[in-house]
Amino acid sequence: MRELPVSIYFSERVLEGSVRQRQINALGKSCLIVCGASSAYKSGVMDDLLPLLKKNKQKYQVFIEIRENPDLESIMRGKELLLEGGFDFVIGIGGGSPLDAAKAIMLAAANDLGIDELYNVERMTKRLPLVLIPTTHGTGSEVTQYSVLTDTATGRKAGFGSELAFADMALINPRYALSLSPRISLNTSIDALSHLLEGIYSTQRDKELYSMIAEGISLIMQNLELCLKEPQYLPAREALMRASMLGGVTIAHTSTTLQHAIGYPFTTLYDIPHGLANGIFMRQMMDFYYSEIGDEIAQVLEMAATTREAFYAWLEKFPLDIKVPITDEIIEAKIPEILGARNTVISPRKPTPEELRALLKTVQK
Ligand code: NAP
Ligand code: FE
């Protein structure tokens, strides 16, 4: 197992106390806060963070322009703001979209990247300190080296991974997820579940990760329904936040694989939220890999105190079985894109074009 260069703090008081205040003070005199339209405020993060920055006499500017599935243009606007303000460090607050954007903005500014260089990891040699504060329990981006961006010109969603994109500190507080709607709670939890499963569906899988993956799966299976019924029930949020973080640690080792590569076009073409896009094919993906690595999948499910049948029955409880108006022409255009994706290359079983076509047709309206 590799060592992740992120200090992870997980607590209901993660932005309180003199130790945290000193740690943040040590990062510099001023920061750019990168977030979405409202989640940094609705979640309560700003209520905790801004007084801390004020006490430290640290200046800040808030860049609230990050939308779901951040586009390259918003990264460039953030980069300009960061350079103009001469800020010393970056704080990303939100779901995966603002957290990924904060990584990309930080790297774009530190390395003066142009819009066509945002995926060019070889150009990334410098960085600024980065703090990430998640408000969803899905991506685990606060502990990963990935940033997933969407190129609106080509309609392509893809990620890059750089050691320099790891946060210095991940500040996780389950309370920040209490304001999530049931729909976003479900979708983001399914994303975390995908990350955990893809830790097995990868040529980079490592048996040393399996007990952690099993713990994450079990936390989600035991708490998701409860969380949807009682969104304000903190222990369920805590369990899901932990599972999301464990999913992030998992993919920091193994990367995401085919399930994410299949999901991306559903988000860019039909606006299907990222987690749900992974969930549509969750059962088919497990079926697909069983012939190749069934022993290992069964082993992890057993460690999670479940079985394949029980897992499938559990999945049925959630509205993941959606249909989209995908045409045969679009399916044909997407097959080479999915088969050529970085995440597909590390899949322990690669679908043939015929298998992928059949899979995609199962969701046709
Ligand atoms: P998101 O796109 O960041 O946010 C989805 C929605 O949830 C937004 O409307 C957001 O509002 C809202 N929201 C977030 N936190 C909230 C809260 N506490 N209360 C109320 N509303 C809240 O969602 P996400 O699923 O976490 O992130 C998805 C992105 O992450 C995708 O682009 C995906 O590809 C990427 N991803 C990255 C990794 C990685 O390792 N880096 C892994 C998997 C996925 P605002 O608009 O106000 O923020
Ligand atoms: Fe994901």
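Refer to the structure printed above.
Residue positions are given per chain, counted from 1 along the sequence in the order it is written. Each chain gets a letter, beginning with A, and each ligand a number, beginning with 1, in the order they are written. Under the rules for a predicted model, residues below a pLDDT of 70 receive no local features and side-chain atom pairs below 80 are neither given nor counted, while totals for whole chains, interfaces and linings still include all residues. The basis for the side-chain values is all heavy atoms of the structure; hydrogens and waters are excluded.

Let's talk about the site of ligand 1
The condition that has to hold: Any residue with a heavy atom positioned within 4 Å of a molecule or strand is treated as near that molecule or strand. Think of a polar contact as two N or O atoms within 3.5 Å of one another; within protein, one of them needs to be a possible hydrogen donor and the other a possible acceptor, and neighboring residues in sequence only count if both atoms come from side chains. Method for areas: the Shrake-Rupley scheme with a 1.4 Å probe, in which residue coverage is limited to the protein chains shown. Numbering goes from the N terminus for both helices and strands, where a helix is a DSSP run of H or I of at least four residues and a strand is a run of E of at least two. Throughout, the ten residues Ala, Val, Leu, Ile, Met, Phe, Trp, Tyr, Cys and Pro are labelled nonpolar, Asp, Glu, Lys and Arg are labelled charged, and all others, Gly among them, are labelled polar.
Ser-38, Ser-39, Ser-97, Thr-135 and Thr-136 are the nearest of the 31 residues found near ligand 1. Here Ser-39 contributes a side-chain N or O atom positioned 2.6 Å from an oxygen atom of ligand 1. Between ligand 1 and the protein, one listed contact pairs an oxygen atom with a side-chain N or O atom of Thr-144 at 2.8 Å. When ligand 1 sits alone it has 940 Å² of accessible area, and the protein chains cover 92% of it. At the level of elements, α5 (96-110), β6 (146-151) and α6 (182-198) are the ones that each hand at least two residues to the shell around ligand 1. Per-element accounting of the shell around ligand 1 gives the leading share, five residues, to α5. Residue composition of the shell around ligand 1, by class: eight nonpolar, 18 polar and five charged.

Digging into the side chain of Ser-141
Put simply, the test is: Between two residues, a contact is recorded if the distance between any of their heavy atoms is within 4.5 Å.
With respect to the helices, strands and loops of the structure, Ser-141 is situated in the loop between β5 (130-134) and β6. Looking at Ser-141, its side chain comes within polar contact range of the side chain of Asp-100, at 2.6 Å. The contact partners of Ser-141, leaving out residues within four places of it in the chain, are Gly-96, Leu-99, Asp-100, Lys-103, Leu-132 and Tyr-146.

Notes on helix α1 (residues 18-25)
Test applied: When a residue's accessible area, from a 1.4 Å probe over protein chains only, is under 20% of the maximum for its type it is buried; when over 50% it is exposed; and in between it is partly exposed. Directions pointing from the helix axis toward each C-beta atom define the arc.
Among the residues of α1, Arg-20, Gln-21 and Ile-24 are the ones counted as buried. Summarising the axial view, the buried residues of α1 lie within an arc of 100°, below the 170-degree limit, and thus occupy one face. Buried residues along α1 sit against β1 (7-10), α3 (45-55), β4 (89-94) and β8 (169-172).

Examining helix α4 (residues 72-85)
Heads up, the rule is: Helices are assigned an expected span. That span is 1.5 Å times one less than the residue count.
Compared with the 20 Å implied by 1.5 Å per residue over 14 residues, the 20 Å span of α4 between its first and last C-alpha is a close match. Among the residues of α4, those classed as buried are Leu-72, Ser-74, Ile-75, Met-76, Gly-78, Lys-79, Leu-81 and Leu-82. For α4, the elements touching its buried residues are β2 (30-34), β3 (59-63), β4, α5 and β6.

Description of the coordination of the iron ion (ligand 2)
As a reminder of what qualifies: Each metal site lists N, O and S donors within 2.8 Å (3.2 Å for Na, K and Ca). With water left out of the atoms, a site can look as if it is missing ligands.
For the iron ion (ligand 2), the full set of protein donor atoms is Asp-191 (OD), His-195 (NE2), His-260 (NE2) and His-274 (NE2), and the range of their distances to it is 2.1 to 2.3 Å. Between the donor residues of the iron ion (ligand 2), the gaps in sequence give the motif D-x3-H-x64-H-x13-H. Highlighted residues: His-260 in helix α9 (residues 258-270) and His-274 in helix α10 (residues 274-279), separated in sequence by 14 residues. With respect to burial, His-260 and His-274 carry one shared label: buried.

Remarks on the packing of aromatic side chains
Selection criterion: Side-chain rings of Phe, Tyr and Trp, where Trp is taken by its six-membered ring, are said to pair if the distance between their centres is within 6.5 Å; with planes under 30 degrees apart they count as stacked, over 60 as edge-to-face, and otherwise as tilted. For a ring to carry a charge above it, either NZ of a lysine or CZ of an arginine must fall within 6 Å of the ring centroid while also lying within 35 degrees of the normal to the ring plane.
Tallying each qualifying case throughout the model produces eight aromatic pairs. With a centroid separation of 6.4 Å and an interplanar angle of 85°, the aromatic rings of Tyr-119 and Phe-160 are classed as edge-to-face. Highlighted residues: Tyr-119 in the loop between α5 and β5 and Phe-160 in strand β7 (residues 156-161), separated in sequence by 41 residues. Taking the centre distance of 6.3 Å and the plane angle of 45° together, the rings of Phe-266 and Tyr-270 count as tilted. Of this pair, Phe-266 and Tyr-270 both sit in helix α9, four residues apart, which is roughly one turn of the helix. On the basis of relative accessibility, which here comes to 2%, the residue Phe-266 falls in the buried class. Grouped by ring-pair contacts, the aromatic residues Phe-311, Tyr-312, Trp-314 and Phe-318 constitute a single cluster. The side chain of Arg-308 reaches across the aromatic face of Tyr-290, ending 3.8 Å from its centre.

Side note on the nonpolar core
Here is the rule: Residues belong to one nonpolar core when they are buried, are Ala, Val, Leu, Ile, Met, Phe, Trp, Tyr or Cys, and are joined through side-chain atoms within 4.5 Å.
Counting 102 residues, the largest nonpolar core has Ile-262, Phe-266 and Phe-311 as the members making the most contacts within it. For Ile-262, the residues in contact, after removing those within four places along its chain, are Phe-281, Met-285, Ile-338, Leu-356, Leu-359 and Leu-360. Membership of the second largest hydrophobic core comes to 22 residues, among which are Leu-27, Ala-40, Met-46 and Leu-171.

A closer look at the pattern of salt bridges
A side chain of one charge can pair with a side chain of the opposite charge if their charged atoms are brought near each other. Test applied: The term salt bridge refers to a pairing of a side-chain nitrogen on Lys or Arg with a carboxyl oxygen on Asp or Glu at a separation within 4 Å.
For the structure shown, the criterion picks out 15 salt bridges. A salt bridge links Arg-175 to Glu-12, with the nearest nitrogen and oxygen atoms 3.1 Å apart. Linking Arg-175 in the loop between β8 and α6 with Glu-12 in the loop between β1 and α1, this pair joins segments that are 163 residues apart in sequence. Salt-bridge contacts for Glu-337 lead to Lys-334; the nearest nitrogen and oxygen are separated by 2.9 Å. On the criterion of helical spacing, the pair formed by Glu-337 and Lys-334 is a turn pair, its members being three residues apart in helix α13 (residues 328-340).

Here we look at the pairing of β8
Selection rule: In this description, strands pair whenever DSSP reports at least two bridges between them.
Neither face of β8 is exposed, since Met-169 and Leu-171 on one face and Ala-170 and Ile-172 on the opposite face are all buried. Examined bridge by bridge, β1 and β8 share four bridges and lie parallel to one another. Each bridged residue has a counterpart across the sheet, and for Tyr-9 the counterpart in β8 is Leu-171. Alignment of β5 against β8, held across two bridges, turns out to be parallel. For Leu-132, the partnering residue across the bridge sits in β8 and is Ala-170.

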